[in-house]
Amino acid sequence: MKITVVGAGYVGLVTAACLAEVGNQVLVVDQDQTRVLLLQAGGVPIYEPGLEECVRRNREAGRLRFAHSMAQGVQQAELLFIAVGTPAAVSEAIASALRRRGRSGSPFAVVSNPEFLKEGAAMEDFTRPDRIVIGLPAGAEGERARLLLTRLYEPFNRHHQRTVWMDVCSAELTKYAANAMLATRISFMNEIAALADRVGADIDSVRRGIGADSRIGHSFLYAGTGYGGSCFPKDIRALVQTAASHGLPMRIASAVEAINTEQKQRLLQLVLELMGPDLSGCRFAVWGLAFKPNTSDMREAPSRSVIAGLLARGAQVCAHDPVALDEARRALQHDLESVQLEPGQLRWCERPEQALQQADALLILTEWKCFQNPDFARLRALLRQPLVLDGRNLYDPQLLEQHGLAYLGIGRRNRL
Ligand code: UGA
């Protein structure tokens, strides 16, 4: 099939690469000329496991091309994907490209096909989806679209029919409801973790206990420093606002967001309880900056508010992330625009051990695999004070205590 994907961002590139991989001719159109040039030259502007190789393979095979011109995209495609943050603007550009070619009368259908791609596992999610949600308009155009999309998604439906058909409005609400449900599980567990600390229970045992109920299941039950990223925060807010515009308060979704905002400050709060409000003279090692592992994405990452909070109270911060250092530097530069830092108050470390030297505590903010089994004896030797604040419940508290490290997690029977 001939397909145009508008938007060479994270969703657009993954979609385009996966559709080219199964034999379609895909053209990706983006208004950002620099990005298009980079892609044409074989570069990939985002980090997503498996994406770079897939783009290269399909570009070399001539199935995946990149262009700047919307007219070219509209001209060649049977199917256009809009994968940008401002779809209304793109629809207008498509409509005017059609008008210019005298094709404004051509029949077409606008379909809602929400993506359920997790950053860090997006290629896998696209090619082996749990479900494909498609919202169709009524009438003959909708039916034509159904045939086209059945054919398009056939390679991803081989062993099992995964497409859930519905109307456009329901498909849009499905997307918001799915993300809100997942975010609700996280905020719920974060609230139970706070109670676990008060009553002396261990949230990890509680998680395993409730997750074993097949009606509940194990996923998205991990308490931590709160959810970040571009999707959950944005979709929860959109849900609350849409409901408000219909005169309906979304009480659960509003509470989910409020709890998350507080949760992002939880590690900072622990630091302040331990060390008092003035942190000048204290140094903190931070491991993990991206909002979650396997991505360099810093959007709404909890590390941003924790680091800004530490610096504002006079602390020094030495931060490490295996992938997100450059993006973190940019994000923090933006957050700290109006803050006057001392020279060397915030340092970026290429290696995890570098960050530990002479630190008064190690803070874990992203559960990267490479942080899972550090040499605890060496870690202890490098730290000025043997203290680990684990915002992702990555470690076994007993094991750390055996290594002489004081440990505080989220809902792990914190002893202050
Ligand atoms: C999310 C959804 O999982 C995707 O299905 C959806 O397509 C995507 O948003 C989107 O709307 O585009 P993503 O934001 O990439 O994907 O990341 P998740 O893996 O869902 O994690 C979101 C946040 O929740 C992360 O900050 C993560 O650390 C946090 N989280 C996740 C927890 O704190 N606890 C958990 O148990 C799970």
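Keep in mind it's a predicted model, so treat the numbers as computed, not measured.

Undergrad: Describe the overall build of the protein, naming the residues involved and giving the relevant values.
TA: When helices and strands are tallied, the protein shows 17 helices and 12 strands. Here the C-alpha radius of gyration of the protein, 24 Å, is about what a compact globule of 416 residues would show, namely 22 Å. C-alpha atoms of the protein, sized along the principal axes, occupy 70 × 45 × 40 Å. The burial tally for the protein puts 38% of its 416 residues in the buried class. Long-range contacts, defined here as pairs at least 24 residues apart, represent 74% of the contacts in the protein between residues at least 6 apart.

Undergrad: How would you summarise the packing of helix H13 (residues 302-312) against helix H14 (residues 325-335) if you had to cite specific residues and measurements?
TA: In the contact formed by H13 and H14, the axes pass within 10 Å of each other and the chain directions differ by 55°. Judged by the inter-axis angle, H13 sits oblique to H14. Where H13 crosses over H14, the handedness of that crossing is right-handed. Residue-level contacts link Arg304, Ile307 and Ala308 of H13 to Ala331, Leu332 and Asp335 of H14.

Undergrad: Now, about the sheet that holds strand E2 (residues 25-29): what can you tell me, with residues and values included?
TA: The strand order across the open sheet formed by four strands is E3-E2-E1-E4, and the pairing between neighbours is parallel. Each edge of the sheet is formed by a strand with only one pairing partner; in this case those strands are strand E3 (64-67) and strand E4 (79-82). Sheet twist, expressed as the average angle between the axes of neighbouring strands with direction ignored, equals 20°. Sheet analysis places strand E1 (residues 2-6) next to E2, joined by five bridges and oriented parallel. The partner of isoleucine 3 across the bridge, within E2, is valine 26.

Undergrad: Outline the domain arrangement of the protein, listing residues and values.
TA: When cut into domains, the protein gives domain 1 (2-161), domain 2 (174-217 + 230-261) and domain 3 (264-408). One C-alpha centre belongs to domain 2, the other to domain 3, and the line joining them spans 25 Å. Contacts between the two partners involve five residues from domain 2, matched on the other side by five residues from domain 3. Taken together, the residues that form the side of domain 2 that touches domain 3 break down as one nonpolar, three polar and one charged.

Cut-offs used in this document
- Residues numbered from 1 in each chain as written.
- Predicted model: local features only at pLDDT ≥ 70, side-chain atom pairs only at ≥ 80, totals over all residues.
- Helix = DSSP H or I, 4+ residues; strand = E, 2+ residues; numbered from the N terminus.
- Rg over C-alpha atoms; globule rule 2.2 N^0.38 Å.
- Buried ≥ 20, exposed ≤ 12 C-beta atoms within 10 Å, placed from the backbone.
- Contact = placed C-beta atoms within 7 Å.
- Axes fitted to C-alpha atoms, helices over the stretch in contact; angles between N-to-C directions.
- Parallel < 35°, antiparallel > 145°, perpendicular 65-115°, else oblique.
- Left-handed = near helix turned anticlockwise from the far one by under 90°.
- Pairing = 2+ DSSP bridges.
- Domains from an automatic or database assignment.
- Nonpolar A, V, L, I, M, F, W, Y, C, P; charged D, E, K, R; others polar.

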